[in-house]
Amino acid sequence: MAGIAPNREGTPLVEMRDISISFGGIKAVDHVSVDLYPGEVVGLLGHNGAGKSTLIKCLSGAYQADAGEILIEGQPVQIRNPRDARAYNIETIYQTLALADNLDAASNLFLGRELVTATGLVDDSAMEAETRKIMGRLNPNFRKFKEPVSALSGGQRQSVAIARAVYFNAKILIMDEPTAALGPHETQMVAELIQELKAQGLGIFLIEHDIHNVMKLCDRASVMKNGQLVGTVNVDEVTDDDILGMIILGKKPAHLAA
Amino acid sequence: MTKPAQDAAPRVARRGLLQTLEIDTRLLGMIGAFLVICIAFQGWTGIRAMAEFTLNPFAWLANGRFLIPQNVFNITIQMVSVAIMATGMVFVIVTRNIDLSVGAMLCLCSALMGILQVTILPKTLGLGIGHPAIAPLAMLAGLALGTAVGAFTGWLVGYQGIPAFIVTLGGLLIWRNLGWYMTSGQTQGPLDSTFILFGGAEGTLGPIWSWVVGLIASALAVLGLMQARKAKERHGFPVKPLWAEGVLAGIACAAILGLIALLNAYEIPAGKLKRLFEARGEAMPDGYTTGFGLPFSVLILALVAIAMTVVAKRTRFGRYIFATGGNPDAAELSGINTRLLTVKVFALMGFLCGLSAIIAQARLQNHTNDIGTLDELRVIAAAVIGGTALAGGIGTIHGAILGALIMQSLQSGMAMVGVDSPFQNIVVGIVLALAVWIDIQYRKRKGIR
Ligand SMILES: Nc1ncnc2c1ncn2[C@@H]1O[C@H](COP(=O)(O)OP(=O)(O)OP(=O)(O)O)[C@@H](O)[C@H]1O
Ligand SMILES: [Mg+2]
């Protein structure tokens, strides 16, 4: 586990209580509760189709939960659409990246929040300049600022999606497999970025299949199986085998089950 | 990821003339195709006009009838209404929709404006024939009706989730026949004399004002290029060499002023000129001649083209249209209200149908129930020939207008050289398929999509 342990005394940044959502009879998320404190990274784990993406989409405004409530800094909130989520400083990197393929990196980064000139027209040069700045930090090799993102490699596209999530001073960051398409060097840079953002006091939900990354980056891990929450553990107190056991067997290890 | 050193070096070395000018090769191809059409018809009409055949191509071109001022004038005024609607169709198609009802919407708006001018305003409301308020009121009503019908279409597509193809196929059947009921199927005319000025030949700026407009337009084009350059320099981005900007500005100004010169060169027939003087209560001086100049309708098309280009490239609305076409889910997840956007896009399409209805009706000088028939196909064809991809996300305003111009030129040229009208349609159909095929090949080569 990385860095200083976050303080989990006060009110959590995010609380998702008893969230349920089903698609035509399939309970994709079934009474799941998770929470997140400032400066904390909570890993969401589980096999394919466990319901991780669906759960966080309730927080990002892509879906609305059928039941359950969401609290931000202790206040119950209604997140009806992605605009609401952005208004609560929730930023999301989707598993599908959610980029408009026909637009360039800058247009994607600022999509929905374009910089405008005094006359209200979109200011492409200013947006490109900002994009160059942030990409210089995240992925200094990135050069394709003029091309539509369909012309980028999977990893380049992923870095555009990451840049979009971190540019707007999020308080709550949702990362759905942010390093899936990245090479080892870029993965390392994202790991450093996560630690830097954590140190700044952001709360991060990190969906990640690589158990080593989870052990390295997360403070706590919530494991899901078939839409249900298996349990949440402090990463300090468990081994990777314990977590793998939770994912595969769907129950907490004996020494932690109270 | 990219290897900067190896990546950058060859690209600099390979920069050819076109890259330096930063002209879209696709646009260049279209302009080339257009020029080929012009030259071919010029030569063909030349051969037909000469008393005896010679083997000298220059003689063919010199005797051609296609590029004479009168024909250029006619082609420009005939293409306006389709071109205006094609700019709106670009947005509709870019958002992965289609509008098959534009011709019918044009007819409905035209029907309303027709009865307003002929019956309701002058007679029922008692304004009297020729009242100055008739034209503006009729136009406003037509534009409002078009916008409302378009917005309703957009609501059915965006909020009710009915595919645009079905909604507008219904509209194709409904709107024209609603117009038929409004007018009891009767031709509406004669139209208000101010209204008719927007049709083309009846309302032109005359040579002097045409030159003024041409010079202003050229100045704006140069200014626009300079501003774009400044914005780039401000952020330290690379800019084209100054000579390249100069060449571009020169081409733009030459095109604008060349068109003005041709339109001015088309002289108003003496009989018509005489009537114009008589209408003003003056006597025409002996030997007086003057040219038509820029028609109001073409000026309106130019303004629509500029406005729609600004909307497409420089406004949030335009950015969201393209984002939604590229990836609707991503647009939604970025907080864009794609349903409302659909309503707006169709409402804009409806507004432009109303505008085209004004121009088409004024040009024909009455409303008939078959006005705008098959326009939906011409408009879609113009947008598609102009490079709008039916899969969504790609399209340009200038491309659509060029597409409309190419279609009108083909049609006019074929009529001049005496191609039978069934065969004219066959040719237009082949050109449409060919244009899309070339486009697909081009995109494959460039690795787009
Ligand atoms: N929009 C949808 N419509 C219908 N079913 C859905 C939808 N989205 C998700 N599901 C279903 O909900 C379940 C959970 O899917 P989810 O995408 O949340 O899984 P996940 O844990 O993110 O898996 P992965 O690790 O593969 O990304 C799956 O059974 C999936 O088929
Ligand atoms: Mg997932």
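Each chain has its residues counted from 1, running along the sequence as written. Chains and ligands are labelled by the order in which they are written, letters from A for the one and numbers from 1 for the other. The predicted origin of the model limits local features to residues at a pLDDT of at least 70 and limits the giving and counting of side-chain atom pairs to 80 or more, whereas totals for whole chains, interfaces and linings rest on all residues. The side-chain numbers reported here are obtained from all heavy atoms of the structure, hydrogens and water having been left aside.

S.K.: Can you help me understand the overall build of chain B in this one?
M.R.: Broken down by element type, chain B carries 18 helices and zero strands. To get the radius of gyration, use the C-alpha atoms; to get the globule rule, take the number of residues to the power 0.38 and multiply by 2.2 Å. Computed over its C-alpha atoms, the radius of gyration of chain B comes to 24 Å, within 12% of the 22 Å expected for a compact globule of 449 residues. When the backbone C-alpha atoms are referred to their principal axes, chain B occupies close to 75 × 65 × 45 Å. Looking at chain B residue by residue over its 449 residues, the buried ones come to 47%. Any pair of residues with heavy atoms lying within 4.5 Å of one another is described as a contacting pair. Contacts spanning at least 24 positions in sequence make up 77% of the contacts within chain B whose residues lie at least 6 apart. About 21400 Å² of surface is accessible on chain B, with carbon and sulfur atoms providing 68% of the total. None of His or the chain ends enter the tally, which takes Lys and Arg as positive and Asp and Glu as negative. A single reference atom marks each charge: NZ on Lys, CZ on Arg, CG on Asp, CD on Glu. Taking the 32 positively charged and 20 negatively charged side chains of chain B as two groups, their mean positions are separated by 10 Å. Think of it this way: any DSSP run of H or I at least four residues long counts as a helix, any run of E at least two long counts as a strand, and we number them from the N terminus. Whether a residue is buried, partly exposed or exposed follows from its accessible area with a 1.4 Å probe, protein chains only, as a fraction of its type maximum: under 20%, in between, or over 50%, in that order. Residue-level accessible areas treat just the shown protein chains as cover; the underlying method is Shrake-Rupley with a 1.4 Å probe.

S.K.: How should I be thinking about the sheet that holds strand β5 (residues 75-77) of chain A in this particular structure?
M.R.: What holds strands together in a sheet is hydrogen bonding between their backbones, with the strands either parallel or antiparallel. Residues and elements named next belong to chain A. In this analysis, strands are considered paired if DSSP registers two or more bridges between them. The antiparallel open sheet is built from four strands, whose spatial order is β2-β1-β4-β5. Here the strands that pair on one side only, and so sit at the sheet edges, are β2 (26-36) and β5. Neighbouring strand axes in the sheet, compared pairwise and without regard to direction, differ in orientation by 30 degrees on average. Of the pairings in the sheet, the one linking strand β1 (residues 14-23) to β2 comprises seven bridges and is antiparallel in character. Looking across to β2, one finds that Met16 is bridged to Val34. The axes used here are C-alpha line fits, helices contributing only the stretch in contact, and every angle between their N-to-C directions lies in the interval 0 to 180 degrees.

S.K.: I tried to follow the domain arrangement of chain A on my own but got confused; where do I start?
M.R.: When the parts of a complex come together, some accessible area is lost, and that lost area is often used as the size of the interface. All names here are of chain A. By domain assignment, chain A separates into domain 1 (1-89 + 171-258) and domain 2 (101-169). Each partner contributes to the interface: domain 1 provides 15 residues, whereas domain 2 provides 14 residues. Summing both partners gives a buried area of about 1100 Å² for domain 1 against domain 2, and 56% of it is carried by carbon and sulfur. Simply put, the buried area is the total loss of 1.4 Å probe accessible area from both parts when two parts are fitted together. Interface area lost by domain 1 to domain 2 is led by Arg86, Met189 and Leu193, which between them contribute 42%. Here, a salt bridge means any Lys or Arg side-chain nitrogen found within 4 Å of an Asp or Glu carboxyl oxygen. Connecting domain 1 to domain 2 are one salt bridge. Close ionic contact of Arg137 with Glu196 constitutes a salt bridge, the shortest N to O distance being 3.1 Å. Polar contacts, as used here, are pairs of N or O atoms within 3.5 Å; protein pairs need one atom able to donate a hydrogen and one able to accept it. Residues neighboring in sequence count only if both atoms are side-chain atoms. For the pair domain 1 and domain 2, the interface holds five residue pairs in polar contact (both at pLDDT 80 or more). Tallying contributions element by element places helix α6 (residues 184-199) first for the side of domain 1 that touches domain 2, with five residues. Among the residues forming the side of domain 1 that touches domain 2, the class breakdown is nine nonpolar, two polar and four charged. What fixes the domain bounds is an automatic or database domain assignment. Three classes are used, and their members are as follows: Ala, Val, Leu, Ile, Met, Phe, Trp, Tyr, Cys and Pro are nonpolar, Asp, Glu, Lys and Arg are charged, and the others, Gly among them, are polar.

S.K.: What exactly am I supposed to notice about the site of ligand 1 here?
M.R.: Residue and element names in this part refer to chain A. Put simply, a residue is near a molecule or strand once any heavy atom of it comes within 4 Å of that molecule or strand. The local shell around ligand 1 holds 14 residues, among which Asn48, Gly49, Lys52, Ser53 and Thr54 are the closest. Within the contact set of ligand 1, an oxygen atom lies 2.8 Å away from a backbone nitrogen or oxygen of Gly49. Alone, ligand 1 offers 630 Å² of accessible surface; in the complex the protein occludes 65% of this. The element that contributes the greatest number of residues to the shell around ligand 1 is helix α1 (residues 52-60), accounting for three residues. Residue classes in the shell around ligand 1 are distributed as four nonpolar, eight polar and two charged.

S.K.: I keep staring at the nonpolar core and nothing clicks. Help me out?
M.R.: Within soluble globular proteins, side chains that are nonpolar tend to cluster in buried spots. Throughout this description, the term nonpolar core refers to a set of buried Ala, Val, Leu, Ile, Met, Phe, Trp, Tyr and Cys residues connected via side-chain atoms within 4.5 Å. Of all hydrophobic cores here, the largest spans 108 residues; its most connected members are B:Ile84, B:Met89, B:Phe91, B:Val102, B:Phe195 and B:Leu355. The dominant element in this core, judged by the number of residues it contributes, is helix α5 (residues 69-94) of chain B, at 16 residues. Dropping the residues within four chain positions of it, B:Leu355 is found in contact with B:Ile84, B:Leu143, B:Ile300 and B:Val304. One finds A:Met127, A:Met135, A:Leu138 and A:Ile194 within the second-largest nonpolar core, a separate group that totals 51 residues.

S.K.: What's the story with the coordination of the magnesium ion (ligand 2) in this structure? I'm lost.
M.R.: For a metal bound by four donors in a tetrahedral arrangement, the ideal donor-metal-donor angle is 109.5 degrees, while six donors in an octahedral arrangement ideally sit at 90 or 180 degrees. Residues and elements named next belong to chain A. Coordination shells were defined by N, O and S atoms within 2.8 Å of each metal, extended to 3.2 Å for Na, K and Ca; water is absent from the atom set, which can make sites look incomplete. For the magnesium ion (ligand 2), the full set of protein donor atoms is Ser53 (OG) and Gln95 (OE1), and the range of their distances to it is 1.9 to 2.2 Å. Of the two residues, Ser53 sits in helix α1 while Gln95 sits in the loop between β6 (90-93) and α3 (105-109), which places them 42 residues apart along the sequence. Note on Ser53: relative accessible area 18%, which makes it buried. When its relative accessible area of 42% is taken as the criterion, Gln95 is described as partly exposed.

S.K.: Would you mind going over the sheet that holds strand β3 (residues 41-45) of chain A with me for this structure?
M.R.: Residue and element names in this part refer to chain A. Read from one edge of the open sheet, six strands run β6-β7-β8-β3-β9-β10, paired in mixed fashion. Of all strands in the sheet, those with a lone pairing partner are β6 and β10 (228-234), marking the two edges. Geometrically, the sheet is characterised by an average inter-axis angle of 15 degrees between neighbouring strands, direction not taken into account. Note that strand β7 (residues 172-176) and strand β8 (residues 203-207) share five bridges and pair parallel. Following the sheet pairing, Ile174 is matched in β8 by Phe205. Each of β3, β9 (220-225) and β10 is contacted by helix α8 (residues 240-249), which is oriented at about 20 degrees to β9, the strand it contacts most.

S.K.: In this structure, what is going on with unusual backbone geometry? I would like to understand it.
M.R.: Excluding glycine, a negative phi dihedral is what most residues carry, and trans is how most peptide bonds are arranged. All names here are of chain B. Residue Pro190 is reached from Gly189 by a cis peptide bond, and omega for that bond is -5 degrees. Structurally, Pro190 is set in the loop between α8 (164-183) and α9 (206-234). In this model, Ser184 sits at a positive phi of 50 degrees, which is unusual for a non-glycine residue. Tracing the sequence through the fold places Ser184 in the loop between α8 and α9. Of note in this structure, Leu374 is not a glycine but carries a positive phi near 70 degrees.

S.K.: Explanation requested: the packing of helix α3 (residues 25-49) of chain B against helix α17 (residues 397-416) of chain B in the structure shown.
M.R.: Geometry of a packed helix pair, given as the angle between the helix axes and the separation of the axes. Residues and elements named next belong to chain B. Direction vectors running N to C along α3 and α17 enclose 15 degrees, while the axes themselves pass 10 Å from each other. On the basis of the axis angle, α3 is roughly parallel to α17. Where α3 crosses over α17, the two elements pack in a sense that is left-handed. Counting all contacts with α3, which are made through Leu27, Met30, Ile31, Phe34, Ile37, Phe41, Thr45 and Arg48, the residues of α17 involved are His398, Gly399, Leu402, Gly403, Leu405, Ile406, Ser409, Leu410, Gly413, Met414 and Met416. The class makeup of the residues in the contact of α3 with α17 is twelve nonpolar, six polar and one charged. Orientation is classified from the angle alone, with under 35 degrees giving roughly parallel, over 145 giving roughly antiparallel, 65 to 115 giving roughly perpendicular, and any other angle giving oblique. Note: crossing handedness is left-handed where the near helix turns anticlockwise from the far helix by less than a right angle, and right-handed where it turns clockwise.

S.K.: It is not clear to me how a nonpolar patch on the surface should be interpreted in this structure. Could you clarify?
M.R.: All names here are of chain B. Residues enter patches when they are more than 30% accessible in relative terms and free of salt bridges; like-charged ones are connected within 9 Å and nonpolar ones (Val, Leu, Ile, Met, Phe, Trp, Tyr) within 5 Å. A surface patch of nonpolar side chains, amounting to about 730 Å² of accessible area, comprises Ile208, Trp209, Val212, Ile216, Leu220, Leu223 and Met226. The topology assignment puts Leu220 in helix α9. Owing to a relative accessible area of 52%, Leu220 belongs among the exposed residues under this scheme.

S.K.: I would appreciate a short explanation of the interface of chain A and chain B in the present structure.
M.R.: In this complex, chain A contributes 39 residues to the contact, which on the side of chain B involves 28 residues. For the pair chain A and chain B, the summed buried area comes to about 2800 Å², and 59% of that belongs to carbon and sulfur atoms. Considering only the side of chain A, the residues that lose the most area to chain B are A:Arg83, A:Asn102 and A:Val122, jointly responsible for 18% of the buried surface there. Along the contact surface separating chain A from chain B lie two salt bridges. For B:Arg319, the salt bridge goes to A:Asp124, with nearest N and O atoms at 3.1 Å. Seen at the junction of chain A and chain B, the total is eleven residue pairs in polar contact (both at pLDDT 80 or more). Counting only elements with at least two residues in the side of chain A that touches chain B, the list comes to α2 (82-87), α4 (124-138) and α5 (154-167) of chain A. Ranked by residue count, the leading element in the side of chain A that touches chain B is α4(A), at seven residues.

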